[in-house]
Amino acid sequence: DSEKNIWIGTKGEGAYKLIRKNGGNQFEIFHFRHSENDPYSLSDDNVYAIYEDKNRNIWIGTFGGGLNLILNNGDGKEIINSNNRLSGYPINQGDRVRIISEDKHGNILVGTTFGFITFGAEVESPEKIKFKVYTRNNNDRLSIGANDIMDVCTTESGETYIGTFGGGISKI
């Protein structure tokens, strides 16, 4: 991340944040896991994507629990997700996150196995985030090629493309 911390996502063991001690090769390790009894824990332990946005917030995408947010201005102990303050998150389309990115306008882009989700990165109040969901509509030739989003790419000129499984590449 921008503070030179190392983030590691795992399949089944949550996420790790490694903070370098005194600029050397020793690290302080923080482990983020899901806990059934704690709605402010990681929403799932299968972490497929970790992204730092322009505001230095950390977004963690899980395959089974959707999107998680660690605010830059917090202590890192409270993870915001659809189990608590990210109440508007479309969990039915977004529980299996594959990729998180950001476009040149600062919108967060989330690719899932059930569609593509976008929203503004300004998160003073996570409860008020307005999510927009794009899914495949066979009757609309302008809809995305398929719902299973594998990758997202925003070019230097600001055009955003998504790569789908079974539907090719779509320009957003």
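Residues numbered from 1 in each chain as written. Predicted model: local features only at pLDDT ≥ 70, side-chain atom pairs only at ≥ 80, totals over all residues. Heavy atoms only, no water.

**Quick look at the overall build of the protein**
Argument step 1. Counting its secondary structure elements, the protein contains one helix and 14 strands.
Argument step 2. For 172 residues, the compact-globule estimate of 2.2 N^0.38 gives 16 Å, and the protein sits close to it at 16 Å.
Argument step 3. Along the first, second and third principal axes, the C-alpha atoms of the protein reach 55 × 40 × 30 Å.
Argument step 4. Considering the protein as a whole, with its 172 residues, one finds that 43% of them fall into the buried category.
Argument step 5. Residue pairs at least 24 apart in sequence account for 40% of intrachain contacts in the protein once pairs closer than 6 positions are excluded.
Argument step 6. As displayed, the protein offers around 9,400 Å² of accessible surface, 44% of which is attributable to carbon and sulfur atoms. (Helix = DSSP H or I, 4+ residues; strand = E, 2+ residues; numbered from the N terminus. Rg over C-alpha atoms; globule rule 2.2 N^0.38 Å. Buried < 20%, exposed > 50% of the residue type's maximum accessible area, 1.4 Å probe, protein only. Contact = heavy atoms within 4.5 Å. Areas by Shrake-Rupley, 256 points an atom, 1.4 Å probe, with all protein chains shown as cover.)

**Considering the side chain of Asn57**
Argument step 1. Following the sequence through the fold, Asn57 ends up in the loop between strand 4 (47-52) and strand 5 (58-62).
Argument step 2. Of the residues examined, Asn57 reaches a relative accessible area of 5% and is grouped as buried.
Argument step 3. At 2.8 Å, the side chain of Asn57 forms a polar contact with the backbone nitrogen of Asn72.
Argument step 4. Setting aside chain neighbours within four positions, we find Asn57 in contact with Tyr51, Glu52, Leu69, Ile70, Leu71, Asn72, Ala121 and Val123. (Polar contact = N/O pair within 3.5 Å; in protein donor to acceptor, adjacent residues only side chain to side chain.)

**Quick look at the pairing of strand 10 (residues 115-120)**
Consecutive residues of a regular strand have side chains that alternate between opposite faces of the sheet.
Argument step 1. Within strand 10, five of the six residues are buried, leaving the element largely enclosed by the surrounding structure.
Argument step 2. As defined by bridge partners, strand 9 (residues 107-112) adjoins strand 10 across six bridges and the pair is classed as antiparallel. When the bridges of strand 10 are listed, Leu109 appears paired with Thr118.
Argument step 3. What sits between the antiparallel neighbours strand 9 and strand 10 is a turn of two residues.
Argument step 4. Relative to strand 11 (residues 132-134), strand 10 runs antiparallel, the two sharing three bridges. (Pairing = 2+ DSSP bridges.)

**With respect to the sheet that holds strand 1 (residues 6-9)**
Two orientations exist for strands paired in a sheet by backbone hydrogen bonds: parallel and antiparallel.
Argument step 1. Pairing is antiparallel in the open sheet, where three strands are placed in the order 1-2-3. In the strand order of this sheet, the two ends are held by strand 1 and strand 3 (26-32), each with one partner. On average, each strand axis in the sheet is tilted by 20° relative to the strand beside it, whichever way the strands run.
Argument step 2. The sheet contact formed by strand 2 (residues 15-21) and strand 3 spans seven bridges and is antiparallel. Counterpart to Ala15 in the pairing with strand 3 is Phe32. (Axes fitted to C-alpha atoms, helices over the stretch in contact; angles between N-to-C directions.)

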